[in-house]
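Analysis of the macromolecular model
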Amino acid sequence: MNLSIAIDGPAGAGKSTIAKLVGKKFNLMYINTGYMYRAVTLMALNNNIKYTDKDGLCKLIDSISMHFEHDRIIVNSKDISDRIVMPDISKNVSNYAAILEVREKLVSIQRALSEKYNVIMDGRDIGTVVLKDAKFKFYLTASPEERAKRRYDELIQKDVKVNYDDILSDIKKRDYIDSNREISPLKKAEDAVEIDSSFMSIEDVVNYISKYITDRM
Ligand code: DC
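The structure presented is a predicted model; accordingly, all values stated were derived computationally and were not measured.

**Focus: the overall build of the protein chain**
For the protein chain, the count of helices and strands is nine helices and eight strands. Relative to a compact globule of 217 residues, whose C-alpha radius of gyration would be 17 Å, the protein chain shows 16 Å and is just as compact. Across its three principal axes, the protein chain shows a C-alpha extent of roughly 50 × 40 × 30 Å. Counting the 217 residues in the protein chain, one finds 49% classified as buried. Sequence separation of at least 24 residues holds for 75% of the intrachain contacts in the protein chain that already meet a minimum separation of 6. Per element, the accessible surface of the protein chain, about 11,200 Å² overall, is 49% carbon and sulfur. Positive and negative charge centroids in the protein chain, built from 34 and 33 side chains respectively, lie 1 Å apart.

**Section: the pattern of salt bridges**
Here the structure, examined in full by the defined rule, presents 14 salt bridges. Across the pair Asp71 and Lys20 runs a salt bridge, and its minimum N-O distance is 3.2 Å. Of this pair, Asp71 sits in the loop between β3 (66-69) and β4 (72-75) while Lys20 sits in helix α1 (residues 15-25), placing them 51 residues apart in sequence. Across the pair Asp153 and Lys149 runs a salt bridge, and its minimum N-O distance is 3.2 Å. Of this pair, Asp153 and Lys149 both sit in helix α7 (residues 144-157), four residues apart, which is roughly one turn of the helix. Overall, Asp153 belongs to the partly exposed group, its relative accessible area being 35%. One continuous salt-bridge network, built from bridges that share partners, spans Arg72, Asp79 and Asp82.

**Here's the deal with the site of the ligand**
The environment of the ligand is formed by 16 residues, the closest being Arg38, Arg103, Arg124, Asp125 and Arg181. Within the side chain of Arg181, one N or O atom sits 2.8 Å away from an oxygen atom of the ligand. Here the ligand, which alone exposes 450 Å², has 97% of that area covered by the protein. Judged by the proximity of its atoms to the pocket grid, the ligand belongs to the largest pocket. For the shell around the ligand, the secondary-structure elements that each account for two or more residues are α2 (33-46), α4 (87-97) and α8 (164-180). Ranked by the residues each element gives to the shell around the ligand, the list is headed by α2, at four residues.

**A short note on the packing of helix α3 (residues 54-63) against helix α5 (residues 100-116)**
Two elements in contact, α3 and α5, have axes separated by 9 Å at closest approach and are oriented at 20°. Classified by the angle between their axes, α3 and α5 sit roughly parallel to one another. The hand of the α3/α5 crossing is right-handed. Residue-level inspection shows Lys54, Leu57, Cys58, Ile61 and Asp62 of α3 in contact with α5, the latter providing Glu101, Val102, Lys105 and Leu106.

**Some remarks on unusual backbone geometry**
Not every positive phi belongs to a glycine, and His70 is a case in point at roughly 55°. Look at Asn76: it is not a glycine, yet its phi comes out positive at around 45°.

**So, the pairing of strand β8 (residues 193-196)**
As a general feature of sheets, a regular strand has side chains that alternate between the two faces. Burial along β8 is one-sided: the face carrying Val193 and Ile195 is buried and the face carrying Glu194 and Asp196 is not. Pairing between strand β7 (residues 136-141) and β8: four bridges, direction parallel. Counterpart to Leu140 in the pairing with β8 is Ile195.

**Concerning the side chain of Arg38**
Residue position: Arg38 is located in helix α2. Lacking a salt bridge, the buried Arg38 has Asp170 as its closest oppositely charged neighbour, with an N-O distance of 6.8 Å. Reaching out from Arg38, the side chain makes a polar contact with the side chain of Ser90 at a distance of 3.1 Å. In this view, Arg38 contacts Ile84, Val85, Ile89, Ser90, Val93, Arg151 and Arg174; residues no more than four positions away in its chain are not counted.

The rules we used
- Residues numbered from 1 in each chain as written.
- Predicted model: local features only at pLDDT ≥ 70, side-chain atom pairs only at ≥ 80, totals over all residues.
- Heavy atoms only, no water.
- Helix = DSSP H or I, 4+ residues; strand = E, 2+ residues; numbered from the N terminus.
- Rg over C-alpha atoms; globule rule 2.2 N^0.38 Å.
- Buried < 20%, exposed > 50% of the residue type's maximum accessible area, 1.4 Å probe, protein only.
- Contact = heavy atoms within 4.5 Å.
- Areas by Shrake-Rupley, 256 points an atom, 1.4 Å probe, with all protein chains shown as cover.
- Lys, Arg positive; Asp, Glu negative; His and termini not counted.
- Charge placed at Lys NZ, Arg CZ, Asp CG, Glu CD.
- Salt bridge = Lys/Arg side-chain N within 4 Å of Asp/Glu carboxyl O.
- Near = heavy atom within 4 Å.
- Polar contact = N/O pair within 3.5 Å; in protein donor to acceptor, adjacent residues only side chain to side chain.
- 1 Å grid on protein atoms, 1.4 Å probe; cavity = no way out; pocket = protein on both sides within 12 Å on 5 of 7 lines; lining within 4 Å.
- Sits in = over half its atoms within 2 Å of the grid points.
- Axes fitted to C-alpha atoms, helices over the stretch in contact; angles between N-to-C directions.
- Parallel < 35°, antiparallel > 145°, perpendicular 65-115°, else oblique.
- Left-handed = near helix turned anticlockwise from the far one by under 90°.
- Pairing = 2+ DSSP bridges.

Don't take any of this as a statement about function, it's just geometry.
In structure tokens:
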């Protein structure tokens, strides 16, 4: 059986940064499942497909090719990784990610990858649904204010004009939708190790997770 590591948690908790670094340490393929939901959202918006149009969304997902190259997502041969982290996608993605048909299709791609490769996968439902049998599960969190500050700094660094209060309100809104949706809501798996990174550096978290894994391998 392949090695699978699941990292779940709310928006801006540092999942992707941490998963990327841990993945590199243990030579795992890093799968950013948030990117997959974001990619579908971008393609749907570009094609005027509303999140209520389930048939349209299914056809869209079946018609696109999606794969990862290191930490980048390539859709229809184009690297859209920088485009999909922009605020217009962040504002819409929770609505698309709440659709059962979208989740079923993306989850089956995620499981297929985990059957083929040793993976570290981050998202909202990895430890609870996608990789229930993952050998290691972590639930990464931080206060909404700290998470908003991290997202704000990240976007400012990319020269995107943003407002801290808008980001904080978007994060709170997404937390609510992601945690209260009917299908695969964001929640800690019973067997996941919870890490509150509010007062930890990236290096602290990576070291903590790496030691946890090494001690048990
Ligand atoms: O991790 P992120 O902020 O890039 O995720 C974008 C959105 O996708 C998030 O609001 C919830 C959704 N998502 C999800 O529902 N399930 C996942 N496994 C990953 C992300």
